[in-house]
Amino acid sequence: MDTPADISQVTDVARQAARILANATTQVKNRGLEAIAAALIERSDQILAANAEDVARGQAEQMSEGLLDRLTLTPERIRSIAQAVREIVALPDPIGQVVRGTRTDIGLRVTQERVPLGVVGIIYEARPNVTIDAASLAIKAGNAVILRGGSAAQASNRMLVEVCRDALTSVGLPPDAITTVDPWGRAGARAMMRARGAVDALIPRGGAGLINAVVEESRVPVIETGTGNCHVYVDASADLEAGEAIIMNAKTQRVGVCNAAETLLVHADVAPRFLVAAVTRLTTAGVTIHADEATRTIIDGNPSIDADMVVDASAEDWETEYLSMDLAVRVVADVEEAIEHIRRYSTGHTEGIVASDVLAIRAFRSGVDAAAIAVNASTRFTDGGQLGLGAEVGISTQKLHARGPMGLTELTTTTWIYEGEGTIRP
């Protein structure tokens, strides 16, 4: 099979579909999304059966707990995915929005308006929900999308793409607005990365290995998403009960996601009171604590803490995105030491502070460089749906074009339009 030639056929039909979507009304695009949401529910048995194949294979191959959690679909998760599509329907259409406008001294009427990116490629790992999130956001923003979902979710993604394409066809939209290179595996992904001019932007979503490979190998412009070595810092001024609730939620609510907390930093003044209670709750919930020396001094020998759930922290722990029931814990002297630690080890995703001291919060906000900063809230809120953007295609940790949750606006670009009356440049 001549992969580059076949990929060219995929990109050609995607570009044709993108031209149709770019001129589609909001009503037409929303009708397509409503059809997708309805089809997800109607065909959930088929989707779950396909997903069961992937999960069984992942278990046989000893996939990690975090990745299995990302891979697994349930009736409730399918309903949530369908609801996320409907939330996108309810969002304002960004296409045609005027970003700014002016009239020049010589009478030109100037506007900057949002337009679709065109053809967007998404390369991601074992997360079937991304198939729907990416496709739905792309369509609402007037783009066609080419998906590469990874071998771990191949059966799930094949079924989801089929469901979406059938739904678009049912309302008269081009099914090639959603295509995939999964049949060509890694060769398909490489060909897509080299399809400069045919693919307008490429978004990788997954672990550091995948993201780095795409950034380094792609000839197509990349909107870089990042891994999540997220921290929660509990200040001396914190409401300690709230701090416990926040770190429990940030660590255990769902471990296999990029906005889960991986490191807890605690101010030395409250560490003796806070750590015993927090670590007791965490270890009881099944979290292994990777503790620095000061933390061990405080918690060792406490009868409420299972000693087998506490290990010594190594240098590698501070830079690890566990995606599992593991948490690195360190005692720091003050907010400045917490900021210094975060600056050294953060991946720039989400950093959190629990504090009531306005000066400490201000220092944290100005000193930490991240796509999102959580103040007295769980890091788990760094999510397009939670922040009112609808679904998102990923969390961008770069500083160009898009940063943070990538919703509809981030899947657009702009065009400058200037109008005159036979106006020529003097």
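Look up: the structure comes first, before these words.
Residues numbered from 1 in each chain as written. Predicted model: local features only at pLDDT ≥ 70, side-chain atom pairs only at ≥ 80, totals over all residues. Heavy atoms only, no water.

**Remarks on the overall build of the protein**
When helices and strands are counted, the protein shows 14 helices and 16 strands. A globule of 426 residues ought to have a C-alpha radius of gyration of about 22 Å, and the protein, at 24 Å, matches this closely. By the burial criterion, 55% of the 426 residues in the protein qualify as buried. Of all intrachain contacts in the protein linking residues separated by at least 6 positions in sequence, the fraction that spans at least 24 positions is 73%. Here the protein displays about 18,500 Å² of accessible surface, and carbon together with sulfur accounts for 49% of that area. The distance from the centre of the 39 positive side-chain charges to the centre of the 55 negative ones in the protein is 8 Å. (Helix = DSSP H or I, 4+ residues; strand = E, 2+ residues; numbered from the N terminus. Rg over C-alpha atoms; globule rule 2.2 N^0.38 Å. Buried < 20%, exposed > 50% of the residue type's maximum accessible area, 1.4 Å probe, protein only. Contact = heavy atoms within 4.5 Å. Areas by Shrake-Rupley, 256 points an atom, 1.4 Å probe, with all protein chains shown as cover. Lys, Arg positive; Asp, Glu negative; His and termini not counted. Charge placed at Lys NZ, Arg CZ, Asp CG, Glu CD.)

**A short note on a positive patch on the surface**
Together, Arg186, Arg190, Arg194 and Arg219 make up a positively charged patch on the protein surface. Residue placement: Arg186 occurs in helix H8 (residues 185–193). Judged by relative accessible area, which is 67%, Arg186 ranks as exposed. (Patch = residues over 30% accessible without salt bridge, like charges linked within 9 Å, V, L, I, M, F, W, Y side chains within 5 Å. Salt bridge = Lys/Arg side-chain N within 4 Å of Asp/Glu carboxyl O.)

**Some remarks on the layout of surface pockets**
Approximately 900 Å³ is the volume attributed to the largest pocket. Surrounding the largest pocket, 34 residues form its lining, Asn129, Arg254, Arg380, Asp383 and Gln386 being those nearest its centre. For the lining of the largest pocket, the elements supplying multiple residues, two or more each, are helix H5 (75–90) and helix H6 (128–140). A total of seven residues in the lining of the largest pocket trace back to one element, the largest contributor, which is H5. Residues of the lining of the largest pocket, tallied by class, amount to nine nonpolar, 14 polar and eleven charged. Here the second largest pocket defines a volume of roughly 450 Å³. Every residue lining the second largest pocket is counted, 18 residues in all, and those nearest its centre are Glu125, Arg148, Gly150, Arg186 and Leu210. Mapped onto the lining of the second largest pocket, the elements with two or more residues apiece are strand S3 (119–124), H8 and helix H9 (208–217). Here the lining of the second largest pocket is composed, by residue class, of eleven nonpolar, two polar and five charged. (1 Å grid on protein atoms, 1.4 Å probe; cavity = no way out; pocket = protein on both sides within 12 Å on 5 of 7 lines; lining within 4 Å. Points joined across faces, edges and corners; volume = space filled by probe spheres on them. Nonpolar A, V, L, I, M, F, W, Y, C, P; charged D, E, K, R; others polar.)

These figures capture arrangement, not role.
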